[in-house]
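Structural overview for review
In case you want the letters, here they are:
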Amino acid sequence: MGMEQVWLLPAIPAALFALLALFNRAMPRGGDGLAILGMLAVVVLALFVTLDFQSSFVDGKFAPGAEHVYAFEWARIGDSLLIEFSTYVDGITVLMLAVVSIVTLMVMLYSVGYMDGEPRYGWYFAVLSGFAAAMLMLVTSGNLLLLYLSWEAVGLASYLLIGFYWERQSAAEAAKKAFITTRIGDVGLLIGIILLWRGAGSFDIQEIIEVAHGGGFDNLYLTVSMLFLFAGAAGKSAQFPLHVWLPDAMEGPTPVSALIHAATMVVAGVYLVARMMPVFDEVLIARDVVLYIGLTTAAMGATMGLVTSDIKRVLAYSTVSQLGFMFVALGVGSVTAAMFHLFTHAFFKSLLFLGSGSVIHGTGAQMVEELGGLWRKLPATTLFFIVGSVALAGIVPLAGFWSKDEILVALQGGAPMPLFVILAATSLLTAIYTTRLVLLTFFGEPKDRHAYDHAHESPPPMLLPMLILAGLSVVAGFVAFEGVGKVLGFAGGVGNVVFTQGHKGHVFEFHPDVAIGATALGLAGIVIGFVYWWGRAERAERARSWAPELHDLLVQRYYMDHLYQVTIDKVILGLATVVARFDRLVINESGVDGTAQGIGFTGFRLKFLQTGRIPSYALAMALGVAVLAIVAFGRT
Amino acid sequence: MLELLERIPFPQQLDRIVIFTGLVAGALVTPIAIVLLALLIFDEITAAEVVFWLAAAVIILGALGAVLLPNIVHATLSLVIALLGVAGIFLLLGSEFLALVQVLIYGGGVTVLLLFGLMLTNAGDDPKVTDGAQKPFAFLVGILLAGVVGVALVDQDWAKTEVAVAPFTTLGERLFRDFGAPFEIASLVLIVALIGAVAVARRDRDEDDDTVEEGESS
Amino acid sequence: MSDIPIENFLVLSAVLFGIGFYGVLARRSAILILVSVELMLAATTINMVAFAAYFDHEAFTGVIFAIFIITVAAAEVGLALGIVLRIFRERRTAYVDDASELKW
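We now turn to the structure provided with this report. On a predicted model such as this, the values are computed, not experimentally measured, just so you know. (Residues numbered from 1 in each chain as written. Chains lettered and ligands numbered in written order. Predicted model: local features only at pLDDT ≥ 70, side-chain atom pairs only at ≥ 80, totals over all residues. Heavy atoms only, no water.)

1. Quick look at the interface of chain C and chain B
Going by this rule: Here, two residues are considered to be in contact whenever any of their heavy atoms come within 4.5 Å of each other. Buried area is calculated as the accessible area (1.4 Å probe) missing from two parts once they are joined, with the contributions of both summed. When a carboxyl oxygen of Asp or Glu is within 4 Å of a side-chain nitrogen of Lys or Arg, the pair counts as a salt bridge. The definition of a polar contact used here is a pair of N or O atoms within 3.5 Å, where within protein one atom must be able to donate a hydrogen and the other to accept one, and adjacent residues in sequence count solely through side-chain atom pairs. A run of H or I in DSSP becomes a helix once it reaches four residues, and a run of E becomes a strand once it reaches two; helices and strands are each numbered from the N terminus. Charged residues are taken to be Asp, Glu, Lys and Arg, nonpolar residues to be Ala, Val, Leu, Ile, Met, Phe, Trp, Tyr, Cys and Pro, and polar residues to be all remaining types, Gly included.
Counting residues at the interface gives 72 residues for chain C, matched by 91 residues for chain B. Of the roughly 7,300 Å² buried between chain C and chain B on both sides combined, carbon and sulfur atoms contribute 76%. On inspection of chain C and its partner chain B, the count reaches 0 salt bridges. Joining chain C to chain B, the criterion identifies 8 residue pairs in polar contact (both at pLDDT 80 or more). Those elements that place two or more of their residues in the side of chain C that touches chain B are α1 (6–26), α2 (30–55) and α3 (61–91) of chain C. Sort the elements by how many residues they give to the side of chain C that touches chain B and α3 of chain C lands first, with 24 residues. Per-class residue counts for the side of chain C that touches chain B are 50 nonpolar, 12 polar and 10 charged.

As structure tokens, then:
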């Protein structure tokens, strides 16, 4: 088992999806054990792939041909279009495999407790398996077409899981919103892929990169292509202005939010941009767009997270914001920092989601106004949640600190100072809203007695994955260090391995100045959080009254949703009315019905030609024969 | 049965009709024959040509009679004359066998069959309008088709070869050796047609009442 | 045997065919249409035999075909008369243009 067989990773859950989707009713407990076993196998196989990857990666280089591991011809149209089913393994892939397989396994374990007794329990696990298959295929695919296929497949899984409680109107609508919003980006992605194929003559990512490096593209053409590509990434990764679907996606079951909308699917956009980074390097304008969009999103997400009262939505805005961080790193060309943050973020953000799920499971409430003081009732959950929060806030030595640090360092070296300041401020905001969430949920006085009284700690199947993820949230950052990397088999730490073709990875360095500054910011944020929200949060109440407009702006999510609603109502529906009228009058009444009436009328007139008398028919036939004979004779 | 035969107009008229047809045919053909004979005597044409023109005249006149005569029985008898002329053409083309077959089958069988058909469909009682309204068009198409085909055939530059007599042995070998399977199939076709004709034309049992009524009414 | 050019026979058959065709189209009585069909068949037979006699001195395929044509024509007449009888008995007419249900 090695990189050659990496196709097995998506194949196993795909087979399980088919099996479970069809037969989950016939299996004990809806086949959840089978799904978990399959995922466990994937984790083990991913480990083997990683080991094999390390052995073929010596001195910062692959053994020749080792990275392009598996390919067979899928379809061929003429000489111009060759579609291959190909897999590709490099440092990014290995990292993503670890994230996807581990988090999926944890979430599945958690779901056994969380989803217990739900209707469609088996179907839930089937879709989870299907999602895992699509996501694994996405990160192992070596060409853009296969990537697009899995891209859509994860979108489908996301749709199915957001709308899992489709009996609830809001869930069905959130599922539609997520699907349609990401679809807007997906169309861009498809256009980008087609443009790249047209320019490079291949769907193969490495070939496209080579062509781009060789100057095979017109600069403007490539810029446009990459912007389209980034549109897809922005849609999937909930970047401004397509971020609106992610908060609504919280309608899905909480484990799903942890898996899809925190750790895996939403980072597909980050993965895609990282994967195509060598091409982005050729067109710095496109890269700058990534940078500014990322920065905007990071700031917007963090500010919106400050005022939201739904725990899961706070975490969703936090995810949006953190994804913005990753895109900022990509925008300055630091694949290493982005992927590192992706890696650590996956663990602590899924931990936070699972923690919020534990709260919801224990109390039945998810608004901070109804919670509070839960640390007495849910001690383990509280502990894990705090671990995740501290990691998110970026406090030494937890995972989030190292990766966020890396992004700040990259930005400091590669972008103007104001951007760095904005990102640092966002970092501060991150610590503030995280502290607020923890204080309002777990400390202070219980605001809803009933919910508090009935609160209970979650069962072990839910706590175990949280424990594991909490552990990872603590230690995941250390893989960056050279020493730890050597022990794990990555010479020079993970950072030296995670790079794309044409990029050199770099060994992480500890920048004391930035690190101290960032930690100080994080601590300051926590202090501010305590000042405003400790106890009865009177200061926060007062702060709200100082600037009601600002508060309103944030609560209304910068009016983005209103803007879209108005756009749809006025522009699109207006256009649709015109089109509908055109369709009704011109196409239907004149075209379709008109044709039918014309034919009917003509037929009514012409039917009298049909006398029914055989001699008439014989005459017509004879005339035809005579004409044919004349024609035939005339030709000789 | 006797009653049925009496209803048929044909037997009473047969002699008259045959004599009439023969006279008309003779009257039309005789001048042609005299002219041809005269030409033969003065060595203008060969004997074979005399036979050809005579046969051609008989065929054309017979055919015209068959399609133009208003009386159905006359038309049918006219057909017989035309088909006998065709037998003469076969003789000229050296196919005695075909000529014999033509006389036997057409002159005998088919004609009798047609006349029986006439009898059984009470053709004598029908109105004399035997031609449809599309006669002018039919005329046009007939002329057109004959003209086109005739011109096309004459236009072709045929090789100058002599007529060869088809020996009976050759015909026999061809028919029973090379065309054995089609021959057998043809026999099958004949028997199927025979049975089919009987099956189609057979009076169903429940139509017997109908027959009685028919007899009473006539 | 003779010095008659083949064109004579061919034109004769063409004229006979035209006359037969005219008869098929002009006549109303089913029996007379059959009569006209016989004329057309005779025309084609003449054509075949002429070609065989002039150009096919070894095999005489045309003559064989003529034999088959005559055979099938006999069968056809028999069957057609059966159908005519049937129609006559159903609707008391042997005129084809009275059977005009084959419309709209």
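2. What to know about the environment of Lys-135 of chain B
The cut-off we apply is this: Buried, partly exposed and exposed residues are distinguished by accessible area as a fraction of the type maximum, computed with a 1.4 Å probe on protein chains only: under 20%, between the cut-offs, and over 50%, respectively.
Looking at where Lys-135 of chain B falls in the secondary structure, it is placed in helix α6 (residues 135–155). Judged by relative accessible area, Lys-135 of chain B falls into the partly exposed class, the value being 34%. Ignoring any residue separated from it by four or fewer positions in sequence, one finds Lys-135 of chain B in contact with Tyr-22 and Ala-26 of chain C.

3. Describing the packing of aromatic side chains
Stated formally: In this analysis, rings of Phe, Tyr and Trp, with Trp reduced to its six-membered ring, are considered paired at centre separations within 6.5 Å, and the interplanar angle assigns stacked below 30 degrees, edge-to-face beyond 60, and tilted for intermediate values. Should the NZ of a Lys or the CZ of an Arg lie within 6 Å of a ring centre and within 35 degrees of the ring normal, that charge is described as sitting over the ring.
In the structure shown here, the tally under the stated rule is 26 aromatic pairs over all chains. Relative to Tyr-221 of chain A, the ring of Phe-217 of chain A lies with its centre 6.2 Å away and its plane at 15 degrees, an arrangement referred to as stacked. Residue Tyr-221 of chain A is classed as partly exposed on the basis of its relative accessible area of 21%. Between Phe-52 of chain B and Phe-9 of chain C the ring centres are 5.0 Å apart and the planes differ by 75 degrees, which places this aromatic pair in the edge-to-face class. Of this pair, Phe-52 of chain B sits in helix α3 (residues 47–68) while Phe-9 of chain C sits in helix α1, on two different chains. The exposure classification of Phe-52 of chain B matches that of Phe-9 of chain C, with both residues buried. Taking the ring centre of Phe-179 of chain A as reference, the NZ or CZ of Arg-183 of chain A above it sits at 5.3 Å. The ring centre of Phe-325 of chain A lies 5.3 Å from the NZ or CZ of Lys-404 of chain A, which sits over that ring.

4. Observations concerning the pattern of salt bridges
Close approach of charged atoms allows side chains with opposite charge to pair. Residues and elements named next belong to chain A. According to the stated counting rule, one finds 9 salt bridges over all chains in the structure shown. Two residues, Arg-168 and Glu-251, come together in a salt bridge whose shortest N-O distance is 2.7 Å. Of the two residues, Arg-168 sits in the loop between α5 (144–162) and α6 (169–200) while Glu-251 sits in the loop between α9 (245–248) and α10 (254–263), which places them 83 residues apart along the sequence. Taking the relative accessible area as the measure of exposure, Arg-168 reaches 39% and is therefore partly exposed. The class of Glu-251 is buried, set by a relative accessible area of 19%. The residue Asp-248 makes a salt bridge to Arg-313 at a minimum N-O spacing of 3.2 Å. Placement of the pair is Asp-248 in helix α9 and Arg-313 in helix α14 (residues 311–331), with a sequence separation of 65 residues. In this pair, the class of Asp-248 matches that of Arg-313, namely buried. Several salt bridges converge on common partners, so that one network encompasses Glu-152, Arg-183, Asp-186 and Lys-236.

5. Re the interface of chain B and chain A
Counting from both sides, the interface comprises 10 residues of chain B and, opposite them, 10 residues of chain A. Regarding the contact of chain B and chain A, the summed buried area is about 830 Å², with carbon and sulfur atoms giving 86% of it. It is Gln-134, Val-141 and Val-148 of chain B in chain B that bury the most area against chain A; as a group they hold 52% of the surface buried on that side. Linking chain B to chain A there are 0 residue pairs in polar contact (both at pLDDT 80 or more). Residues belonging to the side of chain B that touches chain A are distributed by class as follows: 8 nonpolar, 1 polar and 1 charged.

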